[in-house]
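These are the residues of each chain, in order.
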Amino acid sequence: MLDITPMRSMCSVGKVRYFRGIVVVGNGKGVYGFGIGFGSTPKECRSDSTLKALQNLDYIDYDPGRMLCTPCRGMEYKHTMKLIPRPIGRGLKANKKFLPLLYILGLDNCKVKFMFNKWFSRVKAIKRCLDQVISRRTLANMTGKRYALLVAPGDHWVHWPDRWFDETSKTYKDNQELRKLRRKHALHFKKRGTKIAVPDDVKHGWRKRNWARWNNALERWVQHRRDHYEPVSKAQSAPNMASGKSAS
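The shown structure was predicted, so the numbers you read here are calculated from the model rather than taken from an experiment.

**Examining the pairing of strand β2 (residues 14-26)**
Stage number 1. Sheet topology note: the strand β1 (residues 3-11)/β2 ladder contains nine bridges and is antiparallel. When the bridges of β2 are listed, Arg8 appears paired with Arg17.
Stage number 2. The sheet contact formed by β2 and strand β3 (residues 31-39) spans eight bridges and is antiparallel. From the neighbouring strand, Val24 faces β3, where its bridge partner is Phe34.

**Details of the sheet that holds β1**
Stage number 1. Across the sheet, four strands lie side by side as β1-β2-β3-β4; this open sheet has antiparallel pairing. Each having just a single partner strand, β1 and β4 (57-59) make up the two edges of the open sheet. Strand-to-strand, the axes of this sheet are offset by a mean angle of 25°, without reference to chain direction.
Stage number 2. For β3 and β4, the ladder comprises three bridges, and the chain directions are antiparallel. Directly across from Gly33, in β4, lies its bridge partner Leu57.
Stage number 3. Those strands touched by helix α1 (residues 42-55) are β1, β2, β3 and β4, and its axis lies near 145° from that of β3.
Stage number 4. On the sheet, helix α3 (residues 119-131) packs against β1, β2, β3 and β4 and is oriented at approximately 160° with respect to β3.

**Some points on a positive patch on the surface**
Stage number 1. A contiguous patch of positive charge on the surface is contributed by Arg73, Lys82, Lys93 and Lys113.
Stage number 2. Looking at the element boundaries, Lys82 is found in strand β6 (residues 79-85).
Stage number 3. Lys82 sits in the partly exposed class, given a relative accessible area of 32%.

**Looking at the sheet that holds β6**
Stage number 1. Here three strands make up an open sheet; going across it, the order is β5-β6-β7 and the pairing antiparallel. Edge positions in the open sheet fall to β5 (72-76) and β7 (110-115), since each of these has one partner strand only. Adjacent strand axes in the sheet meet at a mean angle of 10°, parallel and antiparallel pairs treated alike.
Stage number 2. Sheet topology note: the β6/β7 ladder contains six bridges and is antiparallel. Paired with Ile84 across the two strands is Lys111, which belongs to β7.
Stage number 3. Running at roughly 150° to β5, α3 makes contact with β5, β6 and β7 of the sheet.

**Let's talk about the nonpolar core**
Stage number 1. Ranked by internal contacts, the top residues of the largest apolar core, which has 26 residues, are Phe34, Met81, Leu83, Leu101, Leu105, Leu107 and Ile126.
Stage number 2. When residues of this core are traced back to their parent elements, those giving at least two are β2, β3, β6, α2 (99-105), β7 and α3.
Stage number 3. Broken down by element, the residue count for this core peaks at five residues, all from α3.
Stage number 4. Once residues within four sequence positions are removed from consideration, Leu83 is found in contact with Leu68, Pro71, Cys72, Leu107, Cys110, Lys111, Val112, Cys129 and Val133.

Thresholds, definitions, all that
- Residues numbered from 1 in each chain as written.
- Predicted model: local features only at pLDDT ≥ 70, side-chain atom pairs only at ≥ 80, totals over all residues.
- Heavy atoms only, no water.
- Pairing = 2+ DSSP bridges.
- Helix = DSSP H or I, 4+ residues; strand = E, 2+ residues; numbered from the N terminus.
- Axes fitted to C-alpha atoms, helices over the stretch in contact; angles between N-to-C directions.
- Contact = heavy atoms within 4.5 Å.
- Patch = residues over 30% accessible without salt bridge, like charges linked within 9 Å, V, L, I, M, F, W, Y side chains within 5 Å.
- Areas by Shrake-Rupley, 256 points an atom, 1.4 Å probe, with all protein chains shown as cover.
- Salt bridge = Lys/Arg side-chain N within 4 Å of Asp/Glu carboxyl O.
- Lys, Arg positive; Asp, Glu negative; His and termini not counted.
- Charge placed at Lys NZ, Arg CZ, Asp CG, Glu CD.
- Buried < 20%, exposed > 50% of the residue type's maximum accessible area, 1.4 Å probe, protein only.
- Core = buried A, V, L, I, M, F, W, Y, C linked by side-chain atoms within 4.5 Å.

Take it as geometry only, folks, not as evidence of what the structure does.
Structure below.
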């Protein structure tokens, strides 16, 4: 129930009082309907509005689970609705009193703004704004372009919330904090960035030769020769040369 307003009108029998209600229905997945009904009591008004909303269903043409393609704006006189896409995972950003309406419409990962507060005109602005939402499938059929080539500005840098990885990174963060604490104790809480205080400061298993596969062909050959063909030192070659002269 978005709004209910007491109304009055003149007829042949005199002044008549009744209620006008505005109701929105939806499944939270893009199918929605607005209904404007009347009744002599608020209960009858709500029932009539709900029935008319169910008789006038519409849908939002968007890609579920993906970012909206473009911003949209709908206007009815001065009443305005702006729909601004946000990256996946950012959620809805709007005034809290509008969140139930946005949940029923099935909107997500977008920023919604409204101007002015008359629901009778605002509903028309909402429908005009939602009619401008176009999915990539529809764009592909309209333009003849390939569906895979139609992307929104944020599709390639979608951000996954950091809280998803808190449990995974907790062990690594604890080990890092312990390593820092041991270093502080060894240095007596003095800052010496170039000094190796504890063995944890050096990562084991990594040597310069491990990066040889990224070198050029000549450097790889030098590395291979250094590992497999160790040259004889001058101290060892001198006795051999002396014994050769004596033998001759």
